[in-house]
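# Notes for the structure review
In case you want the letters, here they are:
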Amino acid sequence: MNWFKMKTLGLAMIVSMLGVLAACGESEDSGTDSSDAGAESGDGGDGYPEESIEVVVPAGAGGDTDRNTRTLAKYLEDELGVSLVIQNVEGSGGSTGSKEILDSDPDGYRVLAYHDGAMLNNILGLADYTFSDFEVAGISVLDQGNSLLVSADSEYDSLEDLVAAAKETPGEVSVATETGSFTHLQLLALQEEEDVEFNIVDAGGASDKITALLGGQVDVVPTQIGLVKEYIDSGEMKSLGVMSEERLDQFEDVQTFTEQGSDVVFDKIFFWAFPPETPEDVVNTFADAMEEVVTNNEEYQEEAEGHVVAPTFMGPEEAEEFMQETQDSYQELYDSSEQ
């Protein structure tokens, strides 16, 4: 082979190799651009999340919804690599805040942190949508510590005392709630179970109800027992019982409602959800971060259990199935209380 042929062959090989390298470079550049575009458009690109995520809590600061959200959020930030910015949006039993997320862009950068109120707002007519209209990322917490609290000097020392008083003077015992909220359903269930009538007062969110009780404006407050642990420990409040299947480890001396003859049991569900049509891989990315924190992060688990709640992860499909069964039971309960 003469020099000219060798040189021609060499040039051809070099050109061919450069072409392959260029094609690879274009492919890599194209992949990067596609990923960036996906993240920007919210279609679940590999870069999600690339900026802070706004978390809407449809309740005021200082309540159990706010506390549970903030507790998980600070650990999620480490998993997701971005900040989670909490926004408290009160109003209409939680429907004002949830509607904001329902109407938000499905780009993965606004998420709802809520509870059973999403179902009850629909059942009680405060909203024409329910949890299933969102893209549910998962359940993070189940709360078995739902309780009725009274001030330390109250004449009621047990659920049995309260029921007896309500039967003796129907409509006189004042109990605080927020219309359309989870505690509202609890009161309807207790009235139905015990055939009594309370004076149900719309006092606002959790912190407002606690203020009303401590100020002597109402006789009883239904709320999460862990939220008022310091008041119980200080002797300012006492619990009349918890709506759990079994006694709580943190409050072994507090009887369940069932132990006191009232078959009223409630677990409060805390879940996270995105606007409708949020891409599945965005939802799954967030859900994976939730699962890692809830199931494997011992520091988070210890902190959550200190609030008397049970860290419990259910992914999108399992969560939706569980919540649908819960909503069906709530609807049946509400229908029977209205008859």
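The present account deals with the structure reproduced in this document. (Residues numbered from 1 in each chain as written. Predicted model: local features only at pLDDT ≥ 70, side-chain atom pairs only at ≥ 80, totals over all residues. Heavy atoms only, no water.)

### Focus on the overall build of the protein chain
A count of helices and strands for the protein chain gives 11 helices and 11 strands. Across the 339 residues that make up the protein chain, the buried fraction comes to 50%. Within the protein chain, contacts between residues separated by at least 24 positions form 76% of all contacts whose residues are at least 6 apart in sequence. (Helix = DSSP H or I, 4+ residues; strand = E, 2+ residues; numbered from the N terminus. Buried < 20%, exposed > 50% of the residue type's maximum accessible area, 1.4 Å probe, protein only. Contact = heavy atoms within 4.5 Å.)

### Description of a negative patch on the surface
Together, Glu280, Asp281, Glu317, Glu318, Glu321, Glu325, Asp328, Glu332, Asp335 and Glu338 give the surface a local cluster of negative charge. Contributions of two or more residues to the negative patch are made by helix 9 (280-296) and helix 11 (316-338). Among the elements that line the negative patch, the one with the most residues is helix 11, at 8 residues. Looking at the secondary structure, you find aspartate 328 in helix 11. The partly exposed category is assigned to aspartate 328, whose relative accessible area is 45%. (Patch = residues over 30% accessible without salt bridge, like charges linked within 9 Å, V, L, I, M, F, W, Y side chains within 5 Å. Areas by Shrake-Rupley, 256 points an atom, 1.4 Å probe, with all protein chains shown as cover. Salt bridge = Lys/Arg side-chain N within 4 Å of Asp/Glu carboxyl O. Lys, Arg positive; Asp, Glu negative; His and termini not counted. Charge placed at Lys NZ, Arg CZ, Asp CG, Glu CD.)

### Describing the sheet that holds strand 8 (residues 221-224)
Spatially, 8-5-9 is the arrangement adopted by the 3 strands of the open sheet, whose pairing is antiparallel. Whereas interior strands pair on both sides, the edge strands pair on one side only; in this sheet they are strand 8 and strand 9 (237-242). On average, each strand axis in the sheet is tilted by 40° relative to the strand beside it, whichever way the strands run. Bridging between strand 5 (residues 146-151) and strand 9 involves 4 bridges; their strand directions are antiparallel. For serine 151, the partnering residue across the bridge sits in strand 9 and is methionine 237. Sitting on the sheet, helix 7 (residues 206-214) touches strand 5, strand 8 and strand 9, and the angle it makes with strand 8 is about 135°. (Pairing = 2+ DSSP bridges. Axes fitted to C-alpha atoms, helices over the stretch in contact; angles between N-to-C directions.)

### Side note on the pairing of strand 3 (residues 110-114)
Most of strand 3 is tucked away: 5 of the 5 residues are buried. Bridge count for strand 1 (residues 53-57) against strand 3 is 3 bridges, and the pairing is parallel. Directly across from glutamate 54, in strand 3, lies its bridge partner arginine 110. Relative to strand 10 (residues 268-274), strand 3 runs antiparallel, the two being bridged by 3 bridges. Of the residues in strand 10, the one forming a bridge with alanine 113 is tryptophan 272.

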